[in-house]
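Observations on the model geometry
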Amino acid sequence: MSLIITETQNAIGTIVMNHSAKRNALSEALICEITMALDSFREQGIRAVVLRAPAGTRVWSAGHDISELPTGGRDPLGWSDPLRVLIRAIQESSAPVIALIEGGVWGGACEVAMACDILVAAPEATFAITPAKLGVPYNLGGLLTVMNMIPLPVAKEMLFTAQPIPVAQALNLGVVNYVKPTDEIDPFVYGLAASIVANSPLSISVMKEELRLLSSARSITPELFERIQGLRRLVYDSHDYREGITAFGEKRKPHFRGT
Ligand code: LCV
């Protein structure tokens, strides 16, 4: 059974993440369907994309599929991790992607939402960045996405507490473009998409790529990169990383010990 629903109309493509039994956890299978839909939209000449969950959902996405995180001394968020593949596919989509957000956005799903070009959320939406809850070492791409969207003190609070922030705060921070009541959000989002479709797709896609390249333009030395990777390795080789994942599977609180 398909984990997403896709629709196309008036050069606007919609992807509905539709695996509510697992709260749209970003499994490899779900991500593969989304990236295939984006490829297919490109071939069809779609000029704006809406990424959403079913109307009225309580959870937009529960983030990385925790059951798929590696347990044995391997970087859980490496280059070919499905979540990274999805982030790149959204960032590299020539058609702007609008995130229509209802419900909770957890962990890696925050990064997916923040990788979208425009975010429109319902009043009940919340955003939590959760690696510390699981004992996961966030990677450089993930931190850069966060740093490009959120002022450092708030980013630190979100990363260190792993607590959700309400949509009003996300709006104040400029992470979310608009907050709209649930009965207005669909027409509003499709109105935005229509105004994108009315403009030059070449101009838009080139500006999108320029902005992507500029916002990721930071140089680090090989030594610094090795140091960061070494620090991250300490985390994914630790007892706490295994404990975070095991505790989630066993539906209990983790007992972290800092080793
Ligand atoms: C697999 C799940 C998940 C899930 N994976 O429903 O950015 S990082 O570093 O944090 C990165 C590694 C990451 O993104 O990690 C994931 C971060 N996500 C979270 O911490 C949220 C985990 N989920 C939850 O806290 C709850 O599921 C929420 C609050 C989202 C919804 O609660 P609710 O009571 O509505 P359940 O917890 O009962 O979940 C329903 C089913 O979905 C599975 C969960 O195991 C359960 O499966 P079973 O019915 O088979 O028991 N599920 C939920 N989230 N991220 N599986």
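An unreviewed UniProt entry lists the chain under the name Methylmalonyl-CoA decarboxylase, from Candidatus Accumulibacter aalborgensis. Check the Sequence similarities (unreviewed entry) section of the UniProt entry for the chain; it says "Belongs to the enoyl-CoA hydratase/isomerase family."

1. So, helix α8 (residues 182-197)
A rise of 1.5 Å per residue sets the reference length of α8, with its 16 residues, at 22 Å; its end C-alpha atoms lie 23 Å apart and thus fit the reference within 8%. If you follow the buried residues of α8, they end up packed against β2 (12-17), β3 (48-52), β5 (97-101), β7 (118-121), β10 (178-179) and α9 (201-215).

2. Observations concerning the environment of K208
Looking at the secondary structure, you find K208 in helix α9. For K208, the contacting residues outside a window of four places in its chain are I90, Q91, S93, A95, P96, V97 and D117. Within the local environment of K208, its side chain forms a polar contact with the side chain of D117, the two groups lying 2.8 Å apart.

3. Points about the layout of surface pockets
The space that makes up the largest pocket amounts to roughly 1,400 Å³. Lining the largest pocket are 43 residues, and of these Q91, L144, T145, N148 and S216 lie nearest its centre. When residues of the lining of the largest pocket are traced back to their parent elements, those giving at least two are α2 (82-92), α3 (108-115), β7, α5 (140-149), α9 and α10 (222-236). Of the residues forming the lining of the largest pocket, the biggest block, eight residues, is contributed by α5. Split into classes, the residues belonging to the lining of the largest pocket amount to 22 nonpolar, eleven polar and ten charged. Its boundaries defined by the atoms lining it, the second largest pocket holds a volume of some 960 Å³. Around the second largest pocket, the lining is made up of 37 residues, and of these A62, I66, K133, L134 and F248 lie nearest the centre. Those elements that place two or more of their residues in the lining of the second largest pocket are α2, α3, α4 (131-134) and α11 (239-249).

4. Side note on the sheet that holds β2
The strand order across the open sheet formed by six strands is β1-β2-β3-β5-β7-β10, and the pairing between neighbours is mixed. Since the sheet does not close on itself, it has two edges, and those belong to β1 (4-9) and β10, each with one partner. By the bridge criterion, six bridges tie β1 to β2 in an arrangement that is antiparallel. When the sheet's bridge partners are listed, E7 is paired in β2 with T14. Sheet strands in contact with helix α1 (residues 28-44) are β1, β2 and β3, and its direction is about 15 degrees off that of β1.

5. Structural notes on the pattern of salt bridges
Overall, the coordinates contain eight salt bridges when judged by the stated rule. Of the charged contacts in the structure, one is a salt bridge between R212 and E209, with a shortest N-O distance of 2.8 Å. Of this pair, R212 and E209 both sit in helix α9, three residues apart, roughly one helical turn. Judged by its relative accessible area of 23%, R212 is partly exposed. Since its relative accessible area comes to 29%, E209 is described here as partly exposed.

6. Comments concerning α10
With 15 residues, α10 extends 21 Å from end C-alpha to end C-alpha; this agrees with the ideal 21 Å at 1.5 Å per step. Of the residues making up α10, those classed as buried are Q229, R232 and Y236. Down the axis of α10, the sector holding all buried residues measures 60 degrees, keeping them to one side. Turned more than 90 degrees away from the buried face of α10 sit E223, E226, R227 and L234, all of them exposed. Buried residues belonging to α10 abut α11.

7. A closer look at the site of the ligand
Lining the immediate surroundings of the ligand are 23 residues, of which K22, A62, G108, T130 and K251 lie closest. A21 places a main-chain nitrogen or oxygen 3.5 Å from an oxygen atom of the ligand. One of the side-chain N or O atoms of K251 is found 2.7 Å from an oxygen atom in the ligand. Bound to the protein, the ligand loses 75% of the 1,000 Å² it would expose on its own. Judged by the proximity of its atoms to the pocket grid, the ligand belongs to the second largest pocket. Looking at the shell around the ligand, the element that brings in the most residues is α4, giving three residues. Among the residues making up the shell around the ligand, the classes are represented as twelve nonpolar, five polar and six charged.

Rules used in this analysis
- Residues numbered from 1 in each chain as written.
- Predicted model: local features only at pLDDT ≥ 70, side-chain atom pairs only at ≥ 80, totals over all residues.
- Heavy atoms only, no water.
- UniProt positions renumbered as here; feature names shortened; annotations may be inferred.
- Helix = DSSP H or I, 4+ residues; strand = E, 2+ residues; numbered from the N terminus.
- Expected span 1.5 Å × (residues − 1).
- Contact = heavy atoms within 4.5 Å.
- Polar contact = N/O pair within 3.5 Å; in protein donor to acceptor, adjacent residues only side chain to side chain.
- 1 Å grid on protein atoms, 1.4 Å probe; cavity = no way out; pocket = protein on both sides within 12 Å on 5 of 7 lines; lining within 4 Å.
- Points joined across faces, edges and corners; volume = space filled by probe spheres on them.
- Nonpolar A, V, L, I, M, F, W, Y, C, P; charged D, E, K, R; others polar.
- Pairing = 2+ DSSP bridges.
- Axes fitted to C-alpha atoms, helices over the stretch in contact; angles between N-to-C directions.
- Salt bridge = Lys/Arg side-chain N within 4 Å of Asp/Glu carboxyl O.
- Buried < 20%, exposed > 50% of the residue type's maximum accessible area, 1.4 Å probe, protein only.
- Arc of directions from axis to C-beta.
- Near = heavy atom within 4 Å.
- Areas by Shrake-Rupley, 256 points an atom, 1.4 Å probe, with all protein chains shown as cover.
- Sits in = over half its atoms within 2 Å of the grid points.

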